[in-house]
Amino acid sequence: MGQSAAFFDLDKTVIAKSSALAFGRPFYRDGLISRRDVVKSAYAQLMFRLGGTDEQAMARTRDYLAALCKGWPVEQVQQIVAETLEELINPYVYAEAAILIGEHQAAGRDVVLVSASGDEMVRPIGALLGVTDVIATRMGIVDGRFSGEVEFYAAGARKVDGVRELADERGYDLAECYAYSDSSSDLPLLEAVGHPSVVNPDRSLRRVALERSWPVLEFRHPVPLGRRLRERPAVPVAAAALGVGVGVAIGLAIYGRHRRTRAALA
C-alpha cells in the first residue's frame, strides 16, 4: 500500500474567501490591474455563472486569466503576496481546517493544497499553514514576466491530472487518500479518492454528497494563526462534521461585495 495524502481545495474550504480575490486590492493599488479590468472581470464572472463548470466555461476563464496577467512582473506579484499575506489571508483561515490539516499530518499523511489560483499565491498560503505540497495554476514565464500562456490550469478535471501525477511520483494509493472541497466543480477530485468529504458545499455538491453518503463538514470559524496557538476553536472538527475562485478573473468582479462581508466579520 502506498503512502496516503489529504488533498484540500483552498477557497471556501481552507480559507473563508477567494485567494485570488484577496489580492485584488494590492494588485490594483500597484497598477497591475485597472478599472477596465474590473469591468471585464465582472463580465467573465457572469459568463462563468451562466456557463457553469463545463469545459468551455473553464477554458474561457483560463484564457481571460492568461490575458489579464500577461506582462506582469513575476517578482512584483510575489512581493505583493508576501507583503499582504498576513493581513489578507491569515485572518480568514478556518480554525476547523487548520485542525484537520494538523490531524492528517499527525497521522503521517502528506497534505496537498489544490487550487485554481496561481502558484505564486497558493504556495505562500501553504507555507503559512505548514503545507509544502501545492498543485496550482502555473503561468508561463519569459524574461521574468508572465507570458500570457497557461502551462497548467488546476481547475475541474485538470486538478485530478495533477493529483494523479503526484500520486504516481510519491506512490500514493488514491483509495487510501482524502479530499476536501466546497464546489461541484471539484467533483472529479472528490471521486478520485477513497475518502471524499465536502466542506461548506454548494447546493449541487451537497445533493451529491447526500446521495453518496459522503461526510458534510461545516467550517464557520476563521481564526488568525496567533489566536489558534493560544486558544481552542469555538467548534471542533468533530462537531463540524455533524452539521474548502477559479482565479483573479472571477474574484475581482465581486471584490466590492466581499469588502462589505469582511467589514461585517471584523
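Below is a summary of the structure that appears in this document. Treat the numbers as computed from the prediction; the structure is a model and nothing was measured.

**Some thoughts on the overall build of the chain**
Thought 1: Helices and strands together make up the secondary structure of the chain, namely 14 helices and seven strands.
Thought 2: In the chain, which comprises 266 residues, the share counted as buried stands at 52%.
Thought 3: If you sum the accessible surface of the chain, you get close to 12,500 Å²; carbon and sulfur atoms cover 51% of it.

**So, helix α10 (residues 203-212)**
Residue pairs spaced three or four apart in an α-helix point in one direction, given the helix's 3.6 residues per turn.
Thought 1: Within α10 the residues assigned to the buried category are Leu205, Val208 and Ala209. In a view along the axis of α10, the buried residues occupy a sector of 100 degrees, so they form one face of it. Seen from the open side of α10, the exposed residues pointing more than 90 degrees away from its buried face are Arg203, Leu210 and Glu211.
Thought 2: Considering only its buried residues, α10 is in contact with β5 (178-181), α9 (187-191), β6 (195-199) and β7 (216-217).
Thought 3: Residue Ser213 follows α10 closely and has a positive phi angle near 60 degrees.

**A word on the pattern of salt bridges**
Between side chains of opposite charge, a pair can form when the charged atoms approach closely.
Thought 1: Inspection of the entire model under this criterion finds twelve salt bridges.
Thought 2: Between Lys159 and Asp9 there is a salt bridge whose closest N-O contact spans 3.1 Å. On the criterion of sequence distance, the pair formed by Lys159 in helix α8 (residues 157-170) and Asp9 in strand β1 (residues 5-9) is long-range, its members being 150 residues apart.
Thought 3: Lys159 gets classed as buried once you look at its relative accessible area, which sits at 4%.
Thought 4: With a shortest N-O distance of 2.8 Å, Glu218 and Arg206 are connected by a salt bridge.

**Examining the pairing of strand β3 (residues 133-142)**
Thought 1: Most of β3 sits inside the fold, with seven of its ten residues counted as buried.
Thought 2: With respect to chirality, the unit in which strand β2 (residues 110-118) leads through helix α7 (residues 119-129) into the neighbouring parallel β3 is right-handed.
Thought 3: Hairpin geometry of β3 and strand β4 (residues 145-152) is characterised by an intervening segment of two residues between the two adjacent antiparallel strands and by a positive phi of about 55 degrees at Asp143.

**Things to note about the nonpolar core**
Thought 1: Of all hydrophobic cores here, the largest spans 51 residues; its most connected members are Phe8, Val14, Phe23, Phe27, Trp72 and Leu113.
Thought 2: Here Trp72 is in contact with Phe27, Leu32, Ile33, Val77, Gly144, Arg145 and Phe146, once residues within four sequence places are set aside.
Thought 3: Counting 26 residues, the second largest nonpolar core, distinct from the first, contains Leu187, Leu190, Leu205 and Ala209.

**Notes on the sheet that holds β6**
Sheets are built from strands paired through backbone hydrogen bonds, the pairs being either parallel or antiparallel.
Thought 1: Here seven strands make up an open sheet; going across it, the order is β4-β3-β2-β1-β5-β6-β7 and the pairing mixed. A strand with exactly one partner marks an edge of an open sheet, and here the two such strands are β4 and β7.
Thought 2: Across the face of the sheet, α8 comes into contact with β1, β2, β3 and β4 while running at roughly 150 degrees to β2.

**Re the packing of helix α5 (residues 74-88) against α7**
The geometry of a pair of packed helices is captured by two quantities: the angle between their axes and the separation between those axes.
Thought 1: Between α5 and α7, whose axes approach to 10 Å, the crossing angle comes to 30 degrees. Viewed along their axes, α5 and α7 form a crossing whose handedness is right-handed. Of α7, the residues touching α5 (which contributes Val74, Val77, Gln78, Val81 and Leu85) are Glu120, Met121, Pro124, Ile125 and Leu128.
Thought 2: By residue class, the composition of the contact of α5 with α7 is eight nonpolar, one polar and one charged.

**A short note on α5**
Thought 1: For α5, spanning 15 residues, the distance from its first C-alpha to its last is 19 Å, which sits close to the expected 21 Å at 1.5 Å a residue.
Thought 2: Most pronounced at Ala82, the bend in α5 amounts to some 30 degrees.
Thought 3: Of the residues making up α5, those classed as buried are Val74, Val77, Ile80, Val81, Thr84, Leu85 and Leu88.

**Points about the packing of aromatic side chains**
Thought 1: Taken as a whole and judged by the stated rule, the model has five aromatic pairs.
Thought 2: Centroid distance Phe8 to Tyr180: 4.5 Å. Interplanar angle 20 degrees. Geometry classified as stacked. Taken together, the residues Phe8 in strand β1 and Tyr180 in strand β5 connect sequence positions 172 residues apart.
Thought 3: Owing to a relative accessible area of 4%, Tyr180 belongs among the buried residues under this scheme.
Thought 4: Ring-pair connections join several aromatic residues into one group, and the members of that group are Phe23, Phe27 and Trp72.
Thought 5: Residue placement shows Lys17 over the ring face of Tyr92; its charged tip is 3.9 Å from the ring centre.

The rules behind each value
- Residues numbered from 1 in each chain as written.
- Predicted model: local features only at pLDDT ≥ 70, side-chain atom pairs only at ≥ 80, totals over all residues.
- Heavy atoms only, no water.
- Helix = DSSP H or I, 4+ residues; strand = E, 2+ residues; numbered from the N terminus.
- Buried < 20%, exposed > 50% of the residue type's maximum accessible area, 1.4 Å probe, protein only.
- Areas by Shrake-Rupley, 256 points an atom, 1.4 Å probe, with all protein chains shown as cover.
- Arc of directions from axis to C-beta.
- Contact = heavy atoms within 4.5 Å.
- Salt bridge = Lys/Arg side-chain N within 4 Å of Asp/Glu carboxyl O.
- Right-handed = clockwise from strand over helix to strand, strands pointing away.
- Pairing = 2+ DSSP bridges.
- Core = buried A, V, L, I, M, F, W, Y, C linked by side-chain atoms within 4.5 Å.
- Axes fitted to C-alpha atoms, helices over the stretch in contact; angles between N-to-C directions.
- Left-handed = near helix turned anticlockwise from the far one by under 90°.
- Nonpolar A, V, L, I, M, F, W, Y, C, P; charged D, E, K, R; others polar.
- Expected span 1.5 Å × (residues − 1).
- Bend = angle between axes of the 7 residues up to and from the residue.
- Phe/Tyr/Trp six-rings, centres within 6.5 Å; stacked < 30°, edge-to-face > 60°.
- Lys NZ or Arg CZ within 6 Å of the ring centre and 35° of its normal.

Function cannot be inferred from these measures alone, as they are strictly geometric.
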